[in-house]
Amino acid sequence: MLDETTTTAALPPVRHWPALDLFGVEFDPVLAELMREGPVTRIKLPNGEGWAWLVTRYDDVRAVTNDPRFSRKLVVDNDVTRLAPHFIPVDGAVGFEDPPDHTRLRRAVAPAFTTRGVERLRERARRMLDELVEEVLADGPPADFTERLLGPFPLAVVCELMGVPPIDRPRMHEWTNLILSSAHGVERSQRAKEDMCAYFADLLSQPRDDGDGDGDEESVIGLLGTAVANGEITASEAVGLALLIQIGGEAVTNNCGNMLFVLLTHPEHMARLRAEPDTRPRAIDELLRYIPHRSAVGLSRIALEDVTVAGVRIRAGEPVYVSYLAANRDPDVFPAPESLDFDRSPNPHVAFGYGPHFCVGAMLARMESELLVDAFLDRFPGLRFAVPVEEVRFRRGALIRGPESLPVTW
């Protein structure tokens, strides 16, 4: 918690946190050690300059992420230590804005991500998934579910939401993979980001429909076009928002791939979800809490003034990271946090973040997760790995963790 009591102890040592390619849903051993060291520690990541504070305790994570004295915008002008080799925020990068600009940018796309907006998309998403499932069933086992379902379905959903035509979806997928991976180098990642920005700039410049009911005005591109026309955001901000939503939409591929991996390695849990469908929503929450979905940490903040966190004085100008993965394993909030417990209640996990930067697409991601888990359980009886579990390949050099392929049979 944020408090006024400051420790007089010496600064904690700076711990080097290398980029690790971990198997399955193994919890990062460096993060586990940092959590044992204390609620506020210091880290140095593979790229950028200097060191940063790391906050890991649940209450402290929520306090920092909801405190306006910690700025995301200041990060843009500082080469903060970080995991990714490239750091190229674009105009309209809502993740690097503070209120009120952050609020203004999110407001432009908010209607697409309300409960009503997501539910309006649910039946279309279900039909898209049903078509993919029918194709897999027709071809018969074995199948790579990453290639056949986990990749195409979230891509189709986010492109449908965005208003990206089906013919352009393969390009979107390729660009997203290049942007989110450190394995291909800074230049290819930068080029992919520029290509995606140019694509959205062109799409936004095309005449929008006049609201005659074909759904264009309900797409994210439609909402952004309207916001630009009304002077609420600039054209470059609209492009930046479109890029971030498109990239974020494909995170479901990795998250749900991890979910399926966990279920396949815990057959007793899979059997229960088949026998007790009413437990599935609660199970998805527990999977979201339990699975370490990313490598290391995400985006930092910079203190605007001196702030005390858990007795440690963070000085103005110093960078701070929070770890949602660590917060989701805080034993003071989640008893037996290393256990996968589908009866866990309450389960106030922070898998989608917290505070003003809470994931705008959380309800959409949850809806897709529900549909995919239902499909795994109901359409593929006897679902199991088609190879020894140790041969399942996980993405290397990726910011977001997940299986590169999931070979299964049924």
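Looking at an unreviewed UniProt entry, the protein carries the name Cytochrome P450, with the source organism given as Streptomyces gobitricini.

Caption draft 1: Highlighting the overall build of the protein. When you go through the protein residue by residue, the secondary structure sums to 15 helices and 11 strands. Taking 2.2 N^0.38 as the reference for a compact globule, 410 residues should give roughly 22 Å; the C-alpha atoms of the protein span a radius of gyration of 21 Å, in line with that estimate. Seen through its principal axes, the protein has C-alpha atoms that stretch 65 × 55 × 40 Å. In the protein, which comprises 410 residues, the share counted as buried stands at 53%. Considering only contacts in the protein between residues 6 or more positions apart, those separated by 24 or more positions represent 73%. Total accessible area on the protein stands at roughly 17,700 Å², and carbon and sulfur atoms take up 53% of it.

Caption draft 2: Quick look at the environment of E370. Take E370: it is sitting in helix α15 (residues 362–379). There is a polar contact of 3.1 Å between the side chain of E370 and the side chain of R122.

Caption draft 3: Seen up close, the pairing of strand β3 (residues 52–55). Along β3, one buried face is formed by A52 and L54 and the opposite face, lined by W53 and V55, is buried too. Two strands pair when backbone bridges link them, and strand β2 (residues 40–44) and β3 are joined in this way by 4 bridges, in the antiparallel orientation. Bridge assignment links T41 to a residue of β3, and that residue is L54. Pairing analysis gives 3 bridges linking β3 to strand β9 (residues 319–322), with the strands arranged parallel. Within β9, the residue paired with L54 across the bridge is Y321.

Caption draft 4: Just helix α10 (residues 235–249), in detail. In this model, α10 (15 residues) spans 21 Å end to end at C-alpha, consistent with the 21 Å of a helix rising 1.5 Å per residue. The buried fraction of α10 amounts to 11 of the 15 residues, a majority that puts the element mostly inside the structure. Restricting attention to buried positions, one finds in α10 the residues E237, A238, V239, G240, L241, A242, L243, I245, Q246, I247 and G249. Against the buried residues of α10 lie α3 (101–109), α6 (152–162), α7 (169–180), α8 (186–205), α9 (220–229) and α11 (251–265).

Caption draft 5: Inspection of the pattern of salt bridges at higher detail. Per the counting criterion, the structure on display carries 31 salt bridges. E370 is the partner of R122 in a salt bridge, and the nearest nitrogen-oxygen pair spans 3.1 Å. Here the residue R122 occupies a position in helix α4 (residues 115–139), and E370 occupies one in helix α15, the gap between them amounting to 248 residues. Taking the shortest distance from any N to any O, the salt bridge between R344 and E286 comes out at 3.0 Å. Placement of the pair is R344 in the loop between α14 (324–327) and α15 and E286 in helix α13 (residues 280–290), with a sequence separation of 58 residues. For E286, a relative accessible area of 0% puts it in the buried group. What you see here is one network of salt bridges that share partners, running through E119, R122, D285, R366 and E370.

Caption draft 6: Inspection of the sheet that holds β9 at higher detail. Read across the sheet, 6 strands follow the order β1-β2-β3-β9-β6-β4 without closing on themselves; strand pairing throughout is mixed. Taken across any chain shown, the strands that pair with only one partner, and hence form the sheet edges, are β1 (14–16) and β4 (70–71). Strands in contact with helix α1 (residues 29–37) are β1, β2 and β3; relative to β2, the strand with the most contacts, it is inclined by about 145°. On top of the sheet, helix α2 (residues 58–65) reaches β3, β4, β6 (301–303) and β9; it is set at about 125° to β9, its chief contact.

Caption draft 7: A look at unusual backbone geometry. The omega torsion of the bond from P99 to P100 falls at 5°, within 30 degrees of zero and hence cis. As for its position among the elements, P100 is in the loop between β4 and α3. Even without glycine at this site, A296 takes up a positive phi of about 50°. Summarising the element assignment, A296 is placed in the loop between α13 and β6. Overall, A296 belongs to the buried group, its relative accessible area being 6%.

Caption draft 8: Summary view of the confidence of the model for the protein. Summarising the model, the protein shows a mean pLDDT of 92, and 93% of its residues fall at 70 or more. In the model, residues 210–215 has pLDDT below 50 throughout and makes 2 contacts with residues more than four positions away in sequence or in other chains.

Caption draft 9: Quick look at the pairing of β2. Taken across its 5 residues, β2 has 4 buried, putting it largely inside the fold. Read as a crossover between parallel neighbours, the route from β1 over α1 to β2 is right-handed.

Caption draft 10: Quick peek at the nonpolar core. Membership of the largest hydrophobic core comes to 89 residues, with the highest contact counts inside it found for F145, L149, M162, M172, F200, V220 and L224. In terms of residue count, the dominant contributor to this core is α15 (10 residues). Excluding its chain neighbours within four sequence positions, the residues that come into contact with M172 are L155, C159, V164, M196, Y199, F200, Q246 and E250. Counting 23 residues, the second largest nonpolar core, distinct from the first, contains V80, A84, A93 and I302.

Caption draft 11: Representation of the state of the cysteines within the structure. Inspection of the entire model under this criterion finds 0 disulfides. Cysteine C159 shares no disulfide, and the gap to the nearest cysteine sulfur, in C197, comes to 15 Å. Here C256 is not disulfide-linked; the sulfur of C359 is the nearest cysteine sulfur, at 13 Å. Judged by relative accessible area, C256 falls into the buried class, the value being 1%.

Scoring rules and cut-offs
- Residues numbered from 1 in each chain as written.
- Predicted model: local features only at pLDDT ≥ 70, side-chain atom pairs only at ≥ 80, totals over all residues.
- Heavy atoms only, no water.
- Helix = DSSP H or I, 4+ residues; strand = E, 2+ residues; numbered from the N terminus.
- Rg over C-alpha atoms; globule rule 2.2 N^0.38 Å.
- Buried < 20%, exposed > 50% of the residue type's maximum accessible area, 1.4 Å probe, protein only.
- Contact = heavy atoms within 4.5 Å.
- Areas by Shrake-Rupley, 256 points an atom, 1.4 Å probe, with all protein chains shown as cover.
- Polar contact = N/O pair within 3.5 Å; in protein donor to acceptor, adjacent residues only side chain to side chain.
- Pairing = 2+ DSSP bridges.
- Expected span 1.5 Å × (residues − 1).
- Salt bridge = Lys/Arg side-chain N within 4 Å of Asp/Glu carboxyl O.
- Axes fitted to C-alpha atoms, helices over the stretch in contact; angles between N-to-C directions.
- pLDDT = per-residue confidence, 0-100.
- Right-handed = clockwise from strand over helix to strand, strands pointing away.
- Core = buried A, V, L, I, M, F, W, Y, C linked by side-chain atoms within 4.5 Å.
- Disulfide = S-S within 2.5 Å.

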